[in-house]
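# Residue-level structure breakdown
Residues per chain are reported as follows:
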Amino acid sequence: MSNLLEINNVTKKYGEFTALNNVTLNIPKGSVFGLLGPNGAGKTSLIRIINQITLPDSGTILLDGESLESSHIEQIGYLPEERGLYKSMKVGEQALYLAQLKGLSKTEAKKRLKYWFDKFEIGAWWDKKIEELSKGMAQKVQFIVTVLHQPKLLIFDEPFSGFDPINAQLIAKEILQLRDEGATIIFSTHRMESVEEMCDYIALINKSNKIVDGKLDDIKRQYRSNTFQIGLKTSNSKEIETVLNQQFEVSPTDYRMLNEGFTANVKIPENESPNGLISLLMKHGELQHFLELVPSANDIFIQAVHKNS
Amino acid sequence: MKKLKLIIRREFLAKIKNRSFIMMTFLSPLLMVGIGFLVFFLSKKNDENVKKIVYVDEYQLFSKDDFEDSKSVHYSDYTLLGIEETKKKVEAGDYYGVLYIPKKDSLEILANSIEFYSKDSPSMSVIGNLESKVAAKLRHLKLDQLGIDSEKIKASRISAGIKMYNFSGEQSSKLINGLKIGVGAIAGYLLMMFVMIYGTSVMRSVIEEKTSRIIEIIVSSVKPFQLMLGKIIGNASAGLLQFFIWGIILLLISLVSSYVFGIDMTEVQASKLSPEQIATMKAAAGNGEMQKVIQEFFRLPLVTIFILFIFYFLGGFFLYSSLFAAVGAAVDSETDTQQFMLPIMLPLILGVYVGFATVINDPHGPISTIFSMIPFTSPIVMLMRVPFGVPWYEIAISMALLLFTFVFMVWMAAKIYRVGILMYGKKPTYKDLYKWIKYKG
């Protein structure tokens, strides 16, 4: 079994409104899976179905090969987009309560909480009320509560919103470590650039339909345009521009070279090696910058939406 | 089940740790008793202020014996001064008022020509007292005129008390009936208060979870239905706890106060009753009627009343608080709740009104019977009827209907609840709520 989660032909309607239209997704075990799409695309609806907060109108979901049932709740950790804790409850009490709701025994929950509180150096907050903490502090508590019961599947909705850069990095490190320890991670976000680097697989969702999914590298290869960003130190920009224009598609670029010279985006024909372009450039000056423009998830999303419509 | 227990425990603790719960529980009985004492002492203080009343009796009918001084009223005879002079004197001096008994041809005319002058309008009890004194004297005189020996009349005065039985042999009397009304009314009223206070508390707790956004975390661990149920049970337990604490505190206070302050309860009552009433009361006490009332109280089906109180409290509370929970889930803030609160409050208030209006007059009449069957009013109305003895099959029907409705309402409320808790923004209409009920899953 290589997929932890298999979502087959899931459809969900709220009255007239279709939130998910026949969505099929496979989420491989031990991967970081990016569920990407703009606001209102249906990401949260899908997550709520996985969490059994709502039921799909049709379609099936398998977790580790088993049809989803209520006991599976204990194998899932969920950090919703809208974070929140009981404001007037004490941090420790609250963490214990939420952990027990996920099926941990009190003693086990205490032990694990101590580990995490020590790790994040927040042991002193145990007896504080949530309303006394800053937003960032409360987010840390919330993260701990999400992962405490060591779920197989971790779902983070907009994982880094609300964290300052330092804490976001800390959390990202912890998430990757959990992945290395065997957990499967789903990131759901509309800010695609924020999670792209961490994802092994992605699925793009737009207007309740899945438009693209698969291994991130494969998708990128599929959507690459063989365009290279170049920077050439030369005193004769005009000449090189004419030469390039004869052979390739050339467009302006936003790359800023430190030395005076020529910059451009150059698209080479498919199945042609970039070596030809490099040797051509070397004849006309000193090559300082050469970079393939790999499409970002954002670019892929825009292209895919265009292609589908 | 384990999770439900966890939720109940949290909701219960969250409720009873709340400062307002602690205040309500421990301060309000003290406050109630305190205010009671304050009123009692103030009215006693008020009575200690001696009122000087003078009378001008042109007929010379009354003697000092007829106007016996009491603790709070002193009488003096100013007949010799004449009414005009006395009036002036009273107006200028520290007097309460003048009773003027003019000279008339017959006692009948006199009876309606007696006048009372005072600076401020006199208190009802003072006038009532004077009237009864005058009437007693005039009756006495009339009897003499008619040549009837008033001693014989006194001897012939017989008070009748019809003893009432039902066919199962239970004895009752007017006093005992009053007792039953009291017990039923207190039980019904308490139930309404608790449902309102703890129902809104359930609602607030739902809104709090919604606004603090923790709701999505909780419902990813437990079913919304479990959460709703846990909340309702947790709050009901807190309510019962408060109820028991109040009972114990009131019991302690009444015990302690009767020992320490030595307040004689008959004195409290006597201050409000006319001498005749006191006389009947004393007579009643002499006949052991008071003890009988106390005996009767313990012969009321107290265990049944208690069990039914708990049943109807829980049934009514579950019924209403599931509605309160649904309202809490449907809105984003407490200010938006009013539109939905009215239809919930109405049957509760109706129950109390119907109870007070019909059960007291006719506990087994058609209206009280019907309203003690309708599940939304039955907890209150039935509790008021129970002390009068309700046939078991009526109780059974009423309980079954309540159970059935409560299961149905909890189911329906849970449907609204599970959709509502995740909805933010637009305030829903009744049409939206209906749509939510029909949503699958």
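The structure presented is a predicted model; accordingly, all values stated were derived computationally and were not measured.

## Quick word on the overall build of chain A
The number of helices and strands found in chain A is 9 helices and 14 strands. By its C-alpha atoms, chain A is 75 × 45 × 35 Å across when sized along the principal axes. A burial count over chain A gives 38% of its 309 residues as buried. For chain A, restricting intrachain contacts to residue pairs at least 6 apart in sequence, the fraction spanning at least 24 positions comes to 73%.

## Quick look at the overall build of chain B
For chain B, the count of helices and strands is 18 helices and 6 strands. Residue burial in chain B is summarised as follows: out of 441 residues, 29% are buried. Once local pairs closer than 6 in sequence are excluded, the contacts in chain B between residues at least 24 apart make up 73%.

## So, the interface of chain A and chain B
If you look at the interface, chain A gives 20 residues, while chain B gives 15 residues. The greatest single-element share of the side of chain A that touches chain B, amounting to 4 residues, is contributed by helix α2 (residues 91-101) of chain A. Classifying every residue of the side of chain A that touches chain B gives 10 nonpolar, 5 polar and 5 charged.

## Section: the sheet that holds strand β3 (residues 97-101) of chain B
Residue and element names in this part refer to chain B. Overall, mixed pairing links the 4 strands, which are arranged β2-β1-β3-β4 in an open sheet. Only two strands of the sheet have a single partner each, and these edge strands are β2 (73-77) and β4 (115-118). On average, adjacent strands in this sheet sit at an angle of 25 degrees to one another, irrespective of strand direction. Both β3 and β4 contribute to a ladder of 4 bridges, which runs antiparallel. Its bridge partner lying in β4, Tyr 100 is registered against Glu 115. Where helix α3 (residues 83-92) meets the sheet, its contacts fall on β1 (51-57), β3 and β4, and the angle it forms with β3 comes to roughly 165 degrees.

## Re unusual backbone geometry
All names here are of chain A. Residue Gln 150 is not a glycine yet carries a positive backbone phi of 50 degrees. Relative to the assigned elements, Gln 150 resides in the loop between α4 (135-147) and β7 (153-157). Look at Asn 226: it is not a glycine, yet its phi comes out positive at around 55 degrees. Within the secondary structure, Asn 226 is located in the loop between α6 (216-223) and β11 (227-233).

## So, the nonpolar core
If you look at the biggest cluster of nonpolar residues, it comprises 131 residues, and the most contacted ones within it are Ile 155 and Ile 202 of chain A together with Ala 325, Ala 326, Leu 383 and Tyr 417 of chain B. At 14 residues, helix α13 (residues 302-330) of chain B tops the list of elements feeding residues into this core. When near neighbours in sequence (up to four residues on either side) are disregarded, Ile 155 of chain A contacts Ile 47, Ile 50, Ile 76, Gly 77, Tyr 78, Ile 186 and Ser 188 of chain A. Ranked by size, the runner-up nonpolar core spans 16 residues in total, among them Val 54, Val 90, Ile 101 and Leu 130 of chain B.

## Description of the pairing of strand β10 (residues 209-215) of chain A
Residue and element names in this part refer to chain A. Direction of pairing for strand β9 (residues 201-206) relative to β10: antiparallel, over a ladder of 6 bridges. Its bridge partner lying in β10, Leu 204 is registered against Val 212. Counted between consecutive antiparallel strands, the loop separating β9 from β10 contains 2 residues, among which Lys 207 sits at a positive phi close to 45 degrees.

## Describing the sheet that holds strand β4 (residues 58-63) of chain A
Residue and element names in this part refer to chain A. Read from one edge of the open sheet, 4 strands run β2-β1-β4-β5, paired in antiparallel fashion. The strands lining the two open edges of the sheet, one partner per strand, are β2 (17-28) and β5 (66-67). Of the pairings in the sheet, the one linking strand β1 (residues 3-14) to β2 comprises 8 bridges and is antiparallel in character. Across the sheet, residue Lys 13 finds its bridge partner in β2, namely Thr 18. Docked against the sheet, helix α1 (residues 43-50) engages β1, β2 and β4, running at close to 65 degrees with respect to β2.

## Thoughts on helix α5 (residues 124-145) of chain B
Given a rise of 1.5 Å per residue, 22 residues ought to cover 32 Å, and the 31 Å separating the end C-alpha atoms of α5 of chain B matches this to within 8%. Looking one or two places after α5 of chain B, you find Gly 147 of chain B, whose phi comes out positive at around 75 degrees.

## Looking at the domain arrangement of chain B
As assigned here, chain B comprises domain 1 (50-147) and domain 2 (182-266 + 286-438). The C-alpha centroid of domain 2 of chain B is placed 55 Å from the C-alpha centroid of domain 1 of chain B.

## Re the confidence of the model for chain B
Note that predicted coordinates carrying low pLDDT should not be read in detail. Residues and elements named next belong to chain B. Of all residues in chain B, 86% have pLDDT values of 70 or greater, and the mean over the chain is 80. Mean pLDDT values for the elements of chain B range from 46 in helix α10 (residues 265-270) up to 90 in helix α1 (residues 2-16). Within the model, pLDDT remains below 50 along residues 263-273, and this stretch shows 8 contacts once partners closer than five positions in the same chain are excluded. As a predicted assembly, this complex carries a pTM of 0.74 together with an ipTM value of 0.80.

What counts and how
Residues numbered from 1 in each chain as written. Chains lettered and ligands numbered in written order. Predicted model: local features only at pLDDT ≥ 70, side-chain atom pairs only at ≥ 80, totals over all residues. Helix = DSSP H or I, 4+ residues; strand = E, 2+ residues; numbered from the N terminus. Buried ≥ 20, exposed ≤ 12 C-beta atoms within 10 Å, placed from the backbone. Contact = placed C-beta atoms within 7 Å. Nonpolar A, V, L, I, M, F, W, Y, C, P; charged D, E, K, R; others polar. Pairing = 2+ DSSP bridges. Axes fitted to C-alpha atoms, helices over the stretch in contact; angles between N-to-C directions. Core = buried A, V, L, I, M, F, W, Y, C linked by C-beta atoms within 7 Å. Expected span 1.5 Å × (residues − 1). Domains from an automatic or database assignment. pLDDT = per-residue confidence, 0-100.

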